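Residue-level structural notes
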Amino acid sequence: MAHFVEQIIYGLTVGSVYALIALGYTMVYGVMKLINFAHGELFTLGAFVGFFFLVTLDWGGVFGPALAIGLTIVMVSGSTALAGHLLERVAYRPLRHSDRLAAVVSALGASIFLQNVIMVVWGAQYRAYSASLLPQVIWRVAGQSFPLIRLFVFLTAILVMAGLYLFINHTRLGLAIRAAAIDQGAAKLMGVDVRKVIAVVFIIGPALGGLAGLLVGVYYGQINFNMGQLYGLKAFTAAVIGGIGNIPGAMVGGLLLGLLETLGDAYVSGAWKDAIAFVALILILVFRPTGILRERVAEKL
Amino acid sequence: MAAAPLLELKNLVVAYGGVEAIHGLSLSVAPGEIVTILGANGAGKSTTLMAISGLVRPKAGEIHFKGQRIDVLRSHEVVQLGVTQAPEGRRVFGPMTVEENLKLGAFTRRGQDLEPDLARVYELFPRLLERQKQMAGTLSGGEQQMLAIGRALMARPTLLLLDEPSLGLAPLLVKSIFATIKSINESGVTIILVEQNARAALKLANRGYVLDVGRLALEDRAERLLNNPQVRDAYLGAR
(Lines give C-alpha, C1' and ligand atoms only; values in the text may rest on other atoms or scores of the structure.)
Protein backbone atom coordinates (compact mmCIF):
# COMPACT_ATOMS: atom_id res chain seq x y z
CA MET A 1 0.00 0.00 0.00
CA ALA A 2 3.08 2.22 -0.36
CA HIS A 3 1.60 4.47 -2.98
CA PHE A 4 -1.99 4.37 -1.86
CA VAL A 5 -2.38 8.12 -1.42
CA GLU A 6 -0.73 8.66 -4.78
CA GLN A 7 -3.19 6.27 -6.38
CA ILE A 8 -6.10 8.06 -4.76
CA ILE A 9 -4.92 11.41 -6.13
CA TYR A 10 -4.38 9.85 -9.55
CA GLY A 11 -7.83 8.29 -9.44
CA LEU A 12 -9.42 11.61 -8.50
CA THR A 13 -7.56 13.32 -11.33
CA VAL A 14 -8.79 10.88 -13.95
CA GLY A 15 -12.18 10.89 -12.28
CA SER A 16 -12.49 14.67 -12.39
CA VAL A 17 -12.00 14.51 -16.17
CA TYR A 18 -14.69 11.83 -16.46
CA ALA A 19 -16.92 13.99 -14.29
CA LEU A 20 -16.48 17.03 -16.55
CA ILE A 21 -17.48 15.01 -19.60
CA ALA A 22 -20.27 13.22 -17.73
CA LEU A 23 -21.85 16.57 -16.87
CA GLY A 24 -22.46 17.21 -20.55
CA TYR A 25 -24.24 13.89 -21.00
CA THR A 26 -26.31 14.30 -17.88
CA MET A 27 -27.38 17.92 -18.48
CA VAL A 28 -28.54 17.18 -22.02
CA TYR A 29 -30.24 13.97 -20.94
CA GLY A 30 -31.90 15.77 -18.03
CA VAL A 31 -33.63 18.30 -20.24
CA MET A 32 -34.08 16.40 -23.50
CA LYS A 33 -34.08 12.73 -22.41
CA LEU A 34 -31.61 12.19 -25.22
CA ILE A 35 -28.10 10.74 -25.09
CA ASN A 36 -25.92 13.11 -27.07
CA PHE A 37 -23.74 10.51 -28.76
CA ALA A 38 -21.68 13.27 -30.35
CA HIS A 39 -20.52 14.49 -26.93
CA GLY A 40 -17.35 12.35 -26.98
CA GLU A 41 -16.38 14.02 -30.26
CA LEU A 42 -16.84 17.49 -28.76
CA PHE A 43 -14.37 16.33 -26.09
CA THR A 44 -11.95 15.31 -28.86
CA LEU A 45 -12.52 18.64 -30.60
CA GLY A 46 -11.53 20.40 -27.36
CA ALA A 47 -8.27 18.44 -27.26
CA PHE A 48 -7.47 19.42 -30.87
CA VAL A 49 -8.41 23.08 -30.50
CA GLY A 50 -6.08 23.11 -27.47
CA PHE A 51 -3.42 21.46 -29.64
CA PHE A 52 -3.90 24.17 -32.25
CA PHE A 53 -3.29 27.02 -29.81
CA LEU A 54 -0.64 25.42 -27.60
CA VAL A 55 1.37 23.57 -30.24
CA THR A 56 0.60 24.95 -33.69
CA LEU A 57 0.52 28.58 -32.53
CA ASP A 58 2.87 27.86 -29.57
CA TRP A 59 0.99 30.13 -27.17
CA GLY A 60 3.11 28.69 -24.34
CA GLY A 61 6.20 30.27 -25.92
CA VAL A 62 4.39 33.49 -26.78
CA PHE A 63 2.52 34.20 -23.55
CA GLY A 64 4.28 32.03 -20.94
CA PRO A 65 2.63 28.93 -19.49
CA ALA A 66 0.12 30.47 -17.05
CA LEU A 67 -1.40 33.00 -19.45
CA ALA A 68 -1.25 30.53 -22.35
CA ILE A 69 -3.23 27.95 -20.44
CA GLY A 70 -5.75 30.52 -19.27
CA LEU A 71 -6.30 31.84 -22.81
CA THR A 72 -6.42 28.34 -24.27
CA ILE A 73 -9.09 27.31 -21.76
CA VAL A 74 -11.20 30.23 -22.97
CA MET A 75 -10.64 29.43 -26.66
CA VAL A 76 -11.31 25.72 -26.20
CA SER A 77 -14.49 26.14 -24.16
CA GLY A 78 -15.68 28.86 -26.50
CA SER A 79 -15.18 26.83 -29.65
CA THR A 80 -16.67 23.59 -28.29
CA ALA A 81 -19.60 25.60 -26.91
CA LEU A 82 -20.14 27.02 -30.39
CA ALA A 83 -19.84 23.57 -31.96
CA GLY A 84 -22.33 22.20 -29.43
CA HIS A 85 -24.76 25.00 -30.20
CA LEU A 86 -24.50 24.37 -33.95
CA LEU A 87 -24.96 20.65 -33.33
CA GLU A 88 -28.18 21.33 -31.48
CA ARG A 89 -29.47 23.65 -34.19
CA VAL A 90 -28.61 21.34 -37.06
CA ALA A 91 -28.93 17.81 -35.70
CA TYR A 92 -31.46 17.98 -32.85
CA ARG A 93 -33.75 21.00 -32.98
CA PRO A 94 -35.37 20.05 -36.31
CA LEU A 95 -36.22 16.65 -34.78
CA ARG A 96 -37.80 17.90 -31.55
CA HIS A 97 -41.25 16.77 -32.56
CA SER A 98 -40.14 13.58 -34.27
CA ASP A 99 -39.80 10.09 -32.98
CA ARG A 100 -37.22 9.64 -30.21
CA LEU A 101 -35.35 7.14 -32.38
CA ALA A 102 -34.84 9.77 -35.10
CA ALA A 103 -32.91 11.98 -32.68
CA VAL A 104 -30.79 9.02 -31.54
CA VAL A 105 -29.87 8.17 -35.14
CA SER A 106 -29.14 11.84 -35.79
CA ALA A 107 -26.86 11.89 -32.72
CA LEU A 108 -24.96 8.85 -33.97
CA GLY A 109 -24.63 10.46 -37.39
CA ALA A 110 -23.34 13.69 -35.86
CA SER A 111 -20.80 11.69 -33.88
CA ILE A 112 -19.41 9.94 -36.96
CA PHE A 113 -19.43 13.20 -38.92
CA LEU A 114 -17.51 15.13 -36.26
CA GLN A 115 -14.97 12.37 -35.78
CA ASN A 116 -14.25 12.35 -39.50
CA VAL A 117 -14.01 16.12 -39.71
CA ILE A 118 -11.40 16.03 -36.95
CA MET A 119 -9.53 13.27 -38.75
CA VAL A 120 -9.56 15.16 -42.05
CA VAL A 121 -8.34 18.38 -40.41
CA TRP A 122 -5.70 16.98 -38.05
CA GLY A 123 -4.94 13.54 -39.50
CA ALA A 124 -5.36 10.04 -38.18
CA GLN A 125 -2.00 9.85 -36.39
CA TYR A 126 -1.39 10.66 -32.74
CA ARG A 127 -0.57 14.29 -32.05
CA ALA A 128 1.66 15.37 -29.17
CA TYR A 129 1.23 18.28 -26.80
CA SER A 130 4.58 19.75 -25.79
CA ALA A 131 5.82 18.26 -22.56
CA SER A 132 7.45 21.51 -21.52
CA LEU A 133 4.28 23.54 -21.16
CA LEU A 134 3.95 23.10 -17.41
CA PRO A 135 7.11 22.89 -15.26
CA GLN A 136 7.82 19.27 -14.32
CA VAL A 137 7.46 19.85 -10.60
CA ILE A 138 6.84 16.88 -8.35
CA TRP A 139 6.28 17.43 -4.66
CA ARG A 140 7.24 14.60 -2.33
CA VAL A 141 5.41 14.35 0.96
CA ALA A 142 5.84 11.36 3.29
CA GLY A 143 7.16 9.11 0.53
CA GLN A 144 4.25 9.91 -1.81
CA SER A 145 4.78 12.01 -4.91
CA PHE A 146 2.43 14.73 -6.10
CA PRO A 147 3.14 15.99 -9.63
CA LEU A 148 2.10 19.59 -10.26
CA ILE A 149 0.35 18.64 -13.49
CA ARG A 150 -1.91 16.18 -11.71
CA LEU A 151 -2.97 18.80 -9.19
CA PHE A 152 -3.48 21.30 -12.01
CA VAL A 153 -5.87 18.99 -13.85
CA PHE A 154 -7.74 18.02 -10.69
CA LEU A 155 -8.08 21.55 -9.34
CA THR A 156 -9.14 23.04 -12.69
CA ALA A 157 -11.86 20.42 -13.06
CA ILE A 158 -13.05 20.83 -9.46
CA LEU A 159 -13.13 24.62 -9.75
CA VAL A 160 -15.16 24.53 -12.95
CA MET A 161 -17.57 22.04 -11.40
CA ALA A 162 -17.97 24.18 -8.29
CA GLY A 163 -18.79 27.09 -10.58
CA LEU A 164 -21.37 25.00 -12.41
CA TYR A 165 -22.89 23.86 -9.12
CA LEU A 166 -23.31 27.48 -7.99
CA PHE A 167 -24.76 28.44 -11.37
CA ILE A 168 -27.30 25.62 -11.33
CA ASN A 169 -28.41 26.18 -7.76
CA HIS A 170 -28.25 29.94 -7.37
CA THR A 171 -29.20 31.58 -10.64
CA ARG A 172 -32.48 32.11 -12.43
CA LEU A 173 -31.27 30.23 -15.48
CA GLY A 174 -29.99 27.41 -13.28
CA LEU A 175 -33.42 27.15 -11.68
CA ALA A 176 -34.99 26.98 -15.13
CA ILE A 177 -32.60 24.18 -16.15
CA ARG A 178 -33.44 22.16 -13.03
CA ALA A 179 -37.17 22.71 -13.53
CA ALA A 180 -37.04 21.68 -17.19
CA ALA A 181 -35.10 18.55 -16.22
CA ILE A 182 -37.77 17.56 -13.69
CA ASP A 183 -40.87 18.23 -15.80
CA GLN A 184 -40.57 20.05 -19.10
CA GLY A 185 -44.30 20.69 -19.43
CA ALA A 186 -44.65 22.05 -15.91
CA ALA A 187 -41.62 24.27 -16.50
CA LYS A 188 -43.35 25.70 -19.59
CA LEU A 189 -46.43 26.43 -17.49
CA MET A 190 -44.18 28.46 -15.15
CA GLY A 191 -43.11 30.59 -18.10
CA VAL A 192 -39.75 28.92 -18.67
CA ASP A 193 -38.63 29.15 -22.30
CA VAL A 194 -37.62 25.50 -22.64
CA ARG A 195 -36.16 26.00 -26.11
CA LYS A 196 -33.72 28.48 -24.59
CA VAL A 197 -32.90 26.07 -21.75
CA ILE A 198 -32.07 23.37 -24.30
CA ALA A 199 -29.83 25.81 -26.17
CA VAL A 200 -28.04 26.68 -22.93
CA VAL A 201 -27.33 23.07 -21.90
CA PHE A 202 -25.98 22.49 -25.42
CA ILE A 203 -23.55 25.33 -24.79
CA ILE A 204 -22.48 24.53 -21.22
CA GLY A 205 -22.17 20.74 -21.66
CA PRO A 206 -19.92 20.92 -24.73
CA ALA A 207 -17.82 23.69 -23.14
CA LEU A 208 -17.14 21.40 -20.15
CA GLY A 209 -16.46 18.43 -22.43
CA GLY A 210 -14.06 20.46 -24.55
CA LEU A 211 -12.22 21.64 -21.46
CA ALA A 212 -11.87 18.00 -20.40
CA GLY A 213 -10.30 17.28 -23.81
CA LEU A 214 -7.77 20.04 -23.26
CA LEU A 215 -6.94 18.72 -19.79
CA VAL A 216 -6.39 15.21 -21.17
CA GLY A 217 -4.10 16.62 -23.85
CA VAL A 218 -2.07 18.59 -21.32
CA TYR A 219 -1.96 15.67 -18.90
CA TYR A 220 -1.24 12.67 -21.14
CA GLY A 221 0.60 14.63 -23.81
CA GLN A 222 -0.93 12.88 -26.81
CA ILE A 223 -4.27 12.96 -28.52
CA ASN A 224 -5.99 11.14 -31.37
CA PHE A 225 -9.09 11.70 -33.48
CA ASN A 226 -10.99 8.77 -31.96
CA MET A 227 -10.03 9.32 -28.31
CA GLY A 228 -13.56 10.55 -27.64
CA GLN A 229 -15.04 7.09 -28.06
CA LEU A 230 -13.52 5.49 -25.00
CA TYR A 231 -13.64 8.66 -22.89
CA GLY A 232 -17.21 9.25 -23.96
CA LEU A 233 -18.20 5.73 -23.01
CA LYS A 234 -16.43 6.00 -19.65
CA ALA A 235 -18.01 9.36 -18.90
CA PHE A 236 -21.41 8.05 -19.93
CA THR A 237 -20.82 5.18 -17.49
CA ALA A 238 -19.97 7.74 -14.81
CA ALA A 239 -23.19 9.63 -15.55
CA VAL A 240 -25.22 6.42 -15.24
CA ILE A 241 -23.45 5.46 -12.01
CA GLY A 242 -24.39 8.83 -10.52
CA GLY A 243 -27.90 8.67 -11.98
CA ILE A 244 -28.32 10.06 -15.49
CA GLY A 245 -29.94 13.49 -15.44
CA ASN A 246 -28.57 14.20 -11.97
CA ILE A 247 -25.88 16.91 -11.94
CA PRO A 248 -24.21 16.18 -8.56
CA GLY A 249 -24.54 12.51 -9.55
CA ALA A 250 -22.36 13.03 -12.63
CA MET A 251 -19.67 14.67 -10.48
CA VAL A 252 -19.72 11.89 -7.88
CA GLY A 253 -20.02 9.16 -10.52
CA GLY A 254 -17.00 10.51 -12.42
CA LEU A 255 -14.78 10.69 -9.35
CA LEU A 256 -15.91 7.24 -8.23
CA LEU A 257 -15.24 5.68 -11.62
CA GLY A 258 -11.78 7.27 -11.75
CA LEU A 259 -10.94 5.88 -8.30
CA LEU A 260 -12.32 2.44 -9.12
CA GLU A 261 -10.34 2.21 -12.34
CA THR A 262 -7.11 3.47 -10.87
CA LEU A 263 -7.24 1.28 -7.80
CA GLY A 264 -8.21 -1.70 -9.96
CA ASP A 265 -5.29 -0.92 -12.23
CA ALA A 266 -2.86 -0.64 -9.30
CA TYR A 267 -4.02 -3.50 -7.10
CA VAL A 268 -5.78 -5.95 -9.42
CA SER A 269 -4.44 -5.78 -12.96
CA GLY A 270 -3.82 -3.08 -15.52
CA ALA A 271 -5.32 -5.25 -18.22
CA TRP A 272 -8.66 -5.19 -16.43
CA LYS A 273 -8.89 -1.40 -16.12
CA ASP A 274 -11.56 -0.83 -18.77
CA ALA A 275 -13.38 -4.03 -17.89
CA ILE A 276 -13.75 -2.78 -14.32
CA ALA A 277 -15.46 0.39 -15.53
CA PHE A 278 -17.96 -1.48 -17.65
CA VAL A 279 -18.61 -4.17 -15.04
CA ALA A 280 -19.47 -1.26 -12.74
CA LEU A 281 -21.89 0.01 -15.39
CA ILE A 282 -23.58 -3.38 -15.69
CA LEU A 283 -23.84 -3.81 -11.92
CA ILE A 284 -25.39 -0.36 -11.53
CA LEU A 285 -27.86 -0.98 -14.34
CA VAL A 286 -28.86 -4.32 -12.82
CA PHE A 287 -29.04 -3.39 -9.15
CA ARG A 288 -29.60 0.35 -9.02
CA PRO A 289 -30.67 1.62 -12.42
CA THR A 290 -31.49 5.08 -11.10
CA GLY A 291 -27.87 5.53 -10.00
CA ILE A 292 -26.28 5.90 -6.59
CA LEU A 293 -27.69 9.38 -6.04
CA ARG A 294 -31.23 8.45 -6.94
CA GLU A 295 -33.81 11.15 -6.29
CA ARG A 296 -34.07 11.60 -2.56
CA VAL A 297 -37.80 11.92 -2.60
CA ALA A 298 -40.24 9.59 -4.23
CA GLU A 299 -42.88 11.34 -6.25
CA LYS A 300 -46.21 11.09 -4.54
CA LEU A 301 -49.25 10.77 -6.73
CA MET B 1 -71.61 39.44 -20.49
CA ALA B 2 -71.80 43.02 -21.70
CA ALA B 3 -68.10 43.56 -21.12
CA ALA B 4 -65.62 42.46 -23.76
CA PRO B 5 -64.59 38.87 -23.06
CA LEU B 6 -61.26 38.32 -21.33
CA LEU B 7 -60.78 35.02 -23.11
CA GLU B 8 -62.40 33.77 -26.24
CA LEU B 9 -62.06 30.43 -28.03
CA LYS B 10 -63.31 30.41 -31.60
CA ASN B 11 -63.96 27.07 -33.31
CA LEU B 12 -60.93 25.50 -31.66
CA VAL B 13 -59.74 22.22 -33.14
CA VAL B 14 -56.98 20.29 -31.37
CA ALA B 15 -55.50 17.02 -32.57
CA TYR B 16 -52.91 14.69 -31.12
CA GLY B 17 -50.97 13.01 -33.92
CA GLY B 18 -53.87 12.98 -36.35
CA VAL B 19 -56.55 12.10 -33.80
CA GLU B 20 -58.83 15.03 -33.06
CA ALA B 21 -59.50 15.63 -29.37
CA ILE B 22 -61.51 18.84 -29.76
CA HIS B 23 -63.71 19.45 -32.76
CA GLY B 24 -64.54 23.12 -33.04
CA LEU B 25 -65.05 24.46 -29.54
CA SER B 26 -66.14 28.04 -28.92
CA LEU B 27 -66.40 29.57 -25.48
CA SER B 28 -65.82 32.87 -23.80
CA VAL B 29 -64.96 34.06 -20.32
CA ALA B 30 -65.76 37.55 -19.02
CA PRO B 31 -63.43 39.39 -16.63
CA GLY B 32 -64.01 38.41 -13.00
CA GLU B 33 -65.97 35.26 -13.73
CA ILE B 34 -65.52 31.71 -12.52
CA VAL B 35 -66.32 29.47 -15.46
CA THR B 36 -66.34 25.73 -15.07
CA ILE B 37 -65.80 23.17 -17.81
CA LEU B 38 -67.44 19.84 -17.12
CA GLY B 39 -67.43 16.54 -18.91
CA ALA B 40 -66.46 12.90 -18.68
CA ASN B 41 -62.94 11.59 -19.06
CA GLY B 42 -61.68 12.23 -22.54
CA ALA B 43 -64.17 15.03 -23.19
CA GLY B 44 -61.27 17.37 -23.97
CA LYS B 45 -61.25 19.51 -20.82
CA SER B 46 -57.53 19.29 -20.06
CA THR B 47 -56.70 19.57 -23.75
CA THR B 48 -58.61 22.85 -23.86
CA LEU B 49 -56.57 24.23 -20.96
CA MET B 50 -53.29 23.02 -22.50
CA ALA B 51 -54.22 24.74 -25.75
CA ILE B 52 -54.93 27.99 -23.88
CA SER B 53 -51.56 27.70 -22.10
CA GLY B 54 -49.79 27.10 -25.41
CA LEU B 55 -48.59 23.58 -24.64
CA VAL B 56 -50.49 22.09 -27.53
CA ARG B 57 -50.93 24.02 -30.73
CA PRO B 58 -54.46 24.04 -32.15
CA LYS B 59 -54.96 22.60 -35.59
CA ALA B 60 -57.56 25.21 -36.39
CA GLY B 61 -59.49 27.99 -34.71
CA GLU B 62 -58.29 30.90 -32.61
CA ILE B 63 -57.74 31.81 -28.97
CA HIS B 64 -57.93 35.47 -27.96
CA PHE B 65 -56.92 36.86 -24.61
CA LYS B 66 -57.58 40.54 -23.84
CA GLY B 67 -58.27 40.94 -27.54
CA GLN B 68 -54.86 39.56 -28.51
CA ARG B 69 -54.51 36.34 -30.44
CA ILE B 70 -52.54 33.93 -28.23
CA ASP B 71 -52.79 30.55 -29.96
CA VAL B 72 -49.80 31.58 -32.07
CA LEU B 73 -47.66 32.43 -29.03
CA ARG B 74 -45.25 30.16 -27.19
CA SER B 75 -46.14 28.96 -23.70
CA HIS B 76 -43.83 31.32 -21.80
CA GLU B 77 -45.29 34.29 -23.67
CA VAL B 78 -48.79 33.25 -22.62
CA VAL B 79 -47.65 33.18 -18.99
CA GLN B 80 -46.13 36.64 -19.42
CA LEU B 81 -49.49 37.94 -20.60
CA GLY B 82 -51.08 36.78 -17.34
CA VAL B 83 -52.49 33.30 -17.94
CA THR B 84 -51.24 30.63 -15.53
CA GLN B 85 -52.29 27.08 -14.82
CA ALA B 86 -52.34 24.60 -11.95
CA PRO B 87 -52.30 21.48 -14.13
CA GLU B 88 -53.96 18.14 -13.70
CA GLY B 89 -51.95 15.88 -11.39
CA ARG B 90 -50.44 19.01 -9.73
CA ARG B 91 -47.04 18.48 -11.37
CA VAL B 92 -45.10 20.16 -8.57
CA PHE B 93 -41.32 19.95 -8.83
CA GLY B 94 -40.78 17.05 -6.42
CA PRO B 95 -37.03 17.36 -5.80
CA MET B 96 -37.32 21.10 -5.10
CA THR B 97 -38.46 22.80 -1.91
CA VAL B 98 -41.88 24.36 -1.51
CA GLU B 99 -40.33 27.81 -1.67
CA GLU B 100 -38.35 27.02 -4.84
CA ASN B 101 -41.56 25.81 -6.45
CA LEU B 102 -43.24 29.09 -5.56
CA LYS B 103 -40.32 31.10 -6.89
CA LEU B 104 -40.54 29.19 -10.16
CA GLY B 105 -44.17 30.26 -10.33
CA ALA B 106 -42.89 33.83 -10.48
CA PHE B 107 -40.29 32.95 -13.11
CA THR B 108 -41.58 35.54 -15.59
CA ARG B 109 -41.35 38.34 -13.01
CA ARG B 110 -37.62 38.79 -13.35
CA GLY B 111 -36.02 40.90 -10.66
CA GLN B 112 -39.24 41.81 -8.85
CA ASP B 113 -39.77 41.62 -5.10
CA LEU B 114 -41.59 38.36 -4.41
CA GLU B 115 -42.01 38.76 -0.65
CA PRO B 116 -45.56 40.17 -0.76
CA ASP B 117 -46.64 37.36 -3.10
CA LEU B 118 -45.03 34.66 -0.97
CA ALA B 119 -46.73 36.16 2.08
CA ARG B 120 -50.07 36.11 0.28
CA VAL B 121 -49.72 32.47 -0.75
CA TYR B 122 -48.70 31.48 2.80
CA GLU B 123 -51.72 33.38 4.09
CA LEU B 124 -54.03 31.50 1.71
CA PHE B 125 -52.33 28.19 2.52
CA PRO B 126 -50.74 28.28 5.99
CA ARG B 127 -49.73 24.61 5.58
CA LEU B 128 -47.26 25.65 2.91
CA LEU B 129 -45.53 28.02 5.31
CA GLU B 130 -44.96 25.12 7.71
CA ARG B 131 -43.48 23.11 4.87
CA GLN B 132 -41.52 25.98 3.26
CA LYS B 133 -38.13 24.17 3.25
CA GLN B 134 -39.50 20.70 2.61
CA MET B 135 -39.16 18.91 -0.72
CA ALA B 136 -42.42 19.24 -2.64
CA GLY B 137 -42.39 15.52 -3.43
CA THR B 138 -42.77 14.70 0.27
CA LEU B 139 -46.01 16.70 0.65
CA SER B 140 -49.41 15.04 0.89
CA GLY B 141 -51.71 15.18 -2.12
CA GLY B 142 -53.72 18.05 -0.65
CA GLU B 143 -50.61 20.04 0.18
CA GLN B 144 -49.28 19.48 -3.34
CA GLN B 145 -52.55 20.83 -4.71
CA MET B 146 -52.20 23.92 -2.52
CA LEU B 147 -48.67 24.32 -3.80
CA ALA B 148 -49.77 23.95 -7.42
CA ILE B 149 -52.40 26.67 -6.96
CA GLY B 150 -50.07 28.90 -4.93
CA ARG B 151 -47.37 28.49 -7.55
CA ALA B 152 -49.79 29.52 -10.30
CA LEU B 153 -50.66 32.68 -8.32
CA MET B 154 -47.05 33.80 -8.01
CA ALA B 155 -47.03 35.20 -11.54
CA ARG B 156 -49.96 37.51 -10.56
CA PRO B 157 -52.24 36.08 -13.25
CA THR B 158 -55.29 37.78 -14.71
CA LEU B 159 -56.66 34.39 -15.69
CA LEU B 160 -56.07 31.26 -13.62
CA LEU B 161 -56.68 27.82 -15.12
CA LEU B 162 -57.37 25.09 -12.54
CA ASP B 163 -57.42 21.49 -13.76
CA GLU B 164 -59.12 19.04 -11.38
CA PRO B 165 -58.04 20.69 -8.12
CA SER B 166 -60.21 18.29 -6.11
CA LEU B 167 -58.88 15.09 -7.65
CA GLY B 168 -58.00 12.51 -5.01
CA LEU B 169 -58.59 14.80 -2.04
CA ALA B 170 -60.65 14.10 1.08
CA PRO B 171 -64.09 15.82 1.06
CA LEU B 172 -63.19 18.22 3.87
CA LEU B 173 -60.07 19.32 2.02
CA VAL B 174 -62.05 19.77 -1.20
CA LYS B 175 -64.34 22.14 0.65
CA SER B 176 -61.45 24.21 1.92
CA ILE B 177 -59.72 24.31 -1.49
CA PHE B 178 -62.96 25.46 -3.12
CA ALA B 179 -63.37 28.17 -0.48
CA THR B 180 -59.85 29.34 -1.28
CA ILE B 181 -60.60 29.37 -5.01
CA LYS B 182 -63.58 31.59 -4.25
CA SER B 183 -61.45 34.03 -2.28
CA ILE B 184 -58.82 34.08 -5.04
CA ASN B 185 -61.60 34.99 -7.47
CA GLU B 186 -62.88 37.69 -5.13
CA SER B 187 -59.41 39.24 -5.14
CA GLY B 188 -59.90 39.89 -8.86
CA VAL B 189 -58.57 36.80 -10.62
CA THR B 190 -60.73 35.30 -13.37
CA ILE B 191 -60.87 31.53 -13.14
CA ILE B 192 -61.53 28.60 -15.43
CA LEU B 193 -62.19 25.52 -13.35
CA VAL B 194 -62.09 22.07 -14.91
CA GLU B 195 -63.71 19.53 -12.62
CA GLN B 196 -65.05 16.02 -12.33
CA ASN B 197 -66.75 17.08 -9.10
CA ALA B 198 -69.51 18.79 -11.06
CA ARG B 199 -71.77 19.64 -8.13
CA ALA B 200 -69.08 21.50 -6.18
CA ALA B 201 -67.83 23.24 -9.32
CA LEU B 202 -71.32 24.44 -10.34
CA LYS B 203 -72.01 25.74 -6.84
CA LEU B 204 -68.87 27.85 -7.08
CA ALA B 205 -69.02 28.95 -10.71
CA ASN B 206 -70.99 31.70 -12.45
CA ARG B 207 -71.31 29.77 -15.67
CA GLY B 208 -70.55 26.32 -16.98
CA TYR B 209 -69.76 24.55 -20.22
CA VAL B 210 -70.39 20.84 -20.63
CA LEU B 211 -68.18 19.02 -23.11
CA ASP B 212 -68.95 15.69 -24.67
CA VAL B 213 -66.16 13.96 -26.60
CA GLY B 214 -64.60 17.17 -27.82
CA ARG B 215 -67.82 19.03 -28.55
CA LEU B 216 -69.82 21.56 -26.64
CA ALA B 217 -72.94 19.83 -25.31
CA LEU B 218 -74.39 22.54 -23.09
CA GLU B 219 -73.63 26.00 -21.83
CA ASP B 220 -75.58 27.94 -19.26
CA ARG B 221 -75.53 29.79 -15.96
CA ALA B 222 -74.25 27.50 -13.22
CA GLU B 223 -77.44 27.35 -11.15
CA ARG B 224 -79.45 26.42 -14.23
CA LEU B 225 -77.00 23.65 -15.11
CA LEU B 226 -77.35 22.36 -11.53
CA ASN B 227 -81.08 21.94 -12.14
CA ASN B 228 -80.81 20.71 -15.70
CA PRO B 229 -82.14 17.12 -15.81
CA GLN B 230 -79.60 16.13 -18.46
CA VAL B 231 -76.71 17.36 -16.32
CA ARG B 232 -78.20 15.81 -13.19
CA ASP B 233 -78.37 12.41 -14.84
CA ALA B 234 -75.01 12.46 -16.52
CA TYR B 235 -72.76 14.35 -14.13
CA LEU B 236 -74.33 14.92 -10.76
CA GLY B 237 -75.50 11.38 -9.99
CA ALA B 238 -78.90 10.47 -8.65
CA ARG B 239 -80.00 12.37 -5.58
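An account of the accompanying structure is given in this report. Bear in mind the structure is a predicted one, so any value in this text is a computation, not a measurement.

**Side note on the pairing of strand β2 (residues 138-141) of chain A**
All names here are of chain A. Pairing geometry for β2 and strand β3 (residues 144-147), over four bridges, is antiparallel. Counterpart to Arg 140 in the pairing with β3 is Ser 145. Where β2 hands over to β3, the hairpin turn is made up of two residues, of which Ala 142 adopts a positive phi near 50°.

**Some words on the interface of chain B and chain A**
Taken residue by residue, the interface counts 24 residues in chain B and 21 residues in chain A. Secondary structure elements with two or more residues in the side of chain B that touches chain A: α2 (75-81), α3 (98-105) and α6 (141-153) of chain B. Top element by residues in the side of chain B that touches chain A is α2(B). It accounts for four residues. For the side of chain B that touches chain A, the class distribution of residues is ten nonpolar, twelve polar and two charged.

**Points about the environment of Val121(B)**
Residues and elements named next belong to chain B. Among the structural elements, Val 121 can be located in helix α4 (residues 115-124). Classification of Val 121 as buried rests on a count of 24 C-beta atoms within 10 Å. Between the alpha carbons of Val 121 and Gly 150 there is a distance of 5.5 Å; along the sequence they are 29 residues apart. If sequence neighbours within four positions are ignored, Val 121 has contacts with Leu 102, Leu 128, Gly 150, Leu 153 and Met 154.

**A few points about the sheet that holds strand β7 (residues 159-163) of chain B**
Residue and element names in this part refer to chain B. The six strands are arranged β6-β7-β8-β3-β9-β10 in an open sheet whose pairing can be described as mixed. Each having just a single partner strand, β6 (83-86) and β10 (215-221) make up the two edges of the open sheet. Adjacent strand axes in the sheet meet at a mean angle of 20°, parallel and antiparallel pairs treated alike. Relative to strand β8 (residues 190-194), β7 runs parallel, the two being bridged by five bridges. What sits directly across from Leu 161, in β8, is Ile 192.

**Description of the nonpolar core**
All names here are of chain A. Ranked by size, the top nonpolar core spans 169 residues in total, and within it Ala 19 and Leu 20 carry the most contacts. With 16 residues, the single largest contributor to this core is helix α1 (residues 4-32). For Ala 19, the residues in contact, after removing those within four places along its chain, are Ala 157, Met 161, Ala 238, Ala 250, Met 251, Gly 254 and Leu 255.

Reading guide: rules and limits
Residues numbered from 1 in each chain as written. Chains lettered and ligands numbered in written order. Predicted model: local features only at pLDDT ≥ 70, side-chain atom pairs only at ≥ 80, totals over all residues. Pairing = 2+ DSSP bridges. Helix = DSSP H or I, 4+ residues; strand = E, 2+ residues; numbered from the N terminus. Contact = placed C-beta atoms within 7 Å. Nonpolar A, V, L, I, M, F, W, Y, C, P; charged D, E, K, R; others polar. Buried ≥ 20, exposed ≤ 12 C-beta atoms within 10 Å, placed from the backbone. Axes fitted to C-alpha atoms, helices over the stretch in contact; angles between N-to-C directions. Core = buried A, V, L, I, M, F, W, Y, C linked by C-beta atoms within 7 Å.

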